[in-house]
Amino acid sequence: MPQPLRIAIAGALGRMGRQMAETIAADPRLQLAGRFHRPGSTGEGLVRRDEALALADVVVDFTTPAASVELAKACAARGGPALVIGSTGFDGAELEAIADAAKTIAVVRSGSYSLGLNMLTGLVEQAARALGSYDCDIEILEAHHRMKVDAPSGTALMLGEAAAHGRGVELDDVAKRARDGLVGPRSTGEIGFAVLRGGSIVGEHSVSFLTEGETLTLSHAAADRSMFARGAVAAALWIAGRPPGEYDMRDVLGLVGS
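Residues numbered from 1 in each chain as written. Predicted model: local features only at pLDDT ≥ 70, side-chain atom pairs only at ≥ 80, totals over all residues. Heavy atoms only, no water.

**Some thoughts on the nonpolar core**
Now for step 1: If you look at the biggest cluster of nonpolar residues, it comprises 52 residues, and the most contacted ones within it are Met 20, Val 84, Val 108, Val 124, Ile 191, Phe 209 and Ile 239.
Now for step 2: When residues of this core are assigned to their parent elements, the largest contribution, nine residues, is made by helix α8 (residues 226-239).
Now for step 3: Among all residues touching Phe 209, those that are not within four sequence positions of it are Val 124, Ala 127, Ala 128, Leu 131, Cys 136, Asp 137, Ile 138, Glu 214, Thr 215, Leu 216 and Leu 218.
Now for step 4: Membership of the second largest hydrophobic core comes to 23 residues, among which are Leu 53, Val 59, Cys 75 and Phe 90. (Core = buried A, V, L, I, M, F, W, Y, C linked by side-chain atoms within 4.5 Å. Buried < 20%, exposed > 50% of the residue type's maximum accessible area, 1.4 Å probe, protein only. Helix = DSSP H or I, 4+ residues; strand = E, 2+ residues; numbered from the N terminus. Contact = heavy atoms within 4.5 Å.)

**Quick notes on the sheet that holds strand β1 (residues 5-10)**
Now for step 1: Ordered in space as β2-β1-β3-β4-β5-β11, the six strands form an open sheet in which the pairing is parallel. Each edge of the open sheet is held by one strand with a lone partner, namely β2 (30-36) and β11 (245-247). On average, each strand axis in the sheet is tilted by 20° relative to the strand beside it, whichever way the strands run.
Now for step 2: Relative to strand β4 (residues 82-85), strand β3 (residues 58-61) is paired through four bridges, and the arrangement is parallel. Bridge pairing in β4 places Val 60 opposite Val 84.
Now for step 3: Against the sheet, helix α1 (residues 15-25) makes contact with β1, β2 and β3, and its axis sits at roughly 165° relative to β1, the strand it touches most.
Now for step 4: On top of the sheet, α8 reaches β1, β2, β3, β4, β5 (106-109) and β11; it is set at about 155° to β4, its chief contact. (Pairing = 2+ DSSP bridges. Axes fitted to C-alpha atoms, helices over the stretch in contact; angles between N-to-C directions.)

**Points about the layout of surface pockets**
A probe matching the size of a water molecule, rolled over the atoms, marks out where space remains unfilled.
Now for step 1: By volume, the largest pocket amounts to about 1300 Å³.
Now for step 2: Mapped by element, the contributors of at least two residues to the lining of the largest pocket are α1, α3 (65-78), α6 (154-167) and β9 (203-211).
Now for step 3: Among the elements that make up the lining of the largest pocket, the one with the highest residue count is α3 (four residues).
Now for step 4: Put simply, the second largest pocket is a space of about 900 Å³.
Now for step 5: Those elements that place two or more of their residues in the lining of the second largest pocket are α4 (92-101), α5 (115-130), α6, α7 (171-174), β11 and α9 (249-252).
Now for step 6: No other element matches α6, which puts seven residues into the lining of the second largest pocket.
Now for step 7: Broken down by class, the residue content of the lining of the second largest pocket amounts to twelve nonpolar, ten polar and ten charged. (1 Å grid on protein atoms, 1.4 Å probe; cavity = no way out; pocket = protein on both sides within 12 Å on 5 of 7 lines; lining within 4 Å. Points joined across faces, edges and corners; volume = space filled by probe spheres on them. Nonpolar A, V, L, I, M, F, W, Y, C, P; charged D, E, K, R; others polar.)

Structure representation (structure tokens):
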């Protein structure tokens, strides 16, 4: 029997950190190499970050953009371990820093680790390609629990990128992230975002394609966080031993080029 894959968990005291620990403990293919949180955090079996990195084949990280960047730099400086990033809300400079680290280590970064959501992304791209931007409006709605700090969600932006790619445009050039007051008529080709926050919603996303007389809506709802943890495990198993580079769930699921 092959040796279990050794996984370290960043952000161990967060919601996804705790879910990852449960998922790893239940999977005989995996071994928990170490759990760490913010510098200075103690208790609950936590170890120092450097200690966890020394013992791990892969680190799974659901923290914050700034913490993920620092972790990517630390992994790259050591020449490993590989890194699975589930944090969202990165700015351009942070994405560049992760891309730089991926020259030395293998990194999977995704706005969502759900199989269903990644399949939804492919369908959105196909629909956006088939339905022209002249007479079809695209609106993306996402809803999450009250504790989520970034908006739109990383998954909503991932869906927006898929729609923009299907239309052959850059999302930043066509995204409309907020509407307030007298905003005037909707611009042709615009991709709109709307956000709901409240309660304990795990994650709900829908993409509507609206034309004169009809609306097509593609949607996905998450029941619990275990699906994200299972997807992160799939990414960790896939990336172990891969050459340096930045990958996403389309690579993990074999959807690239589809």
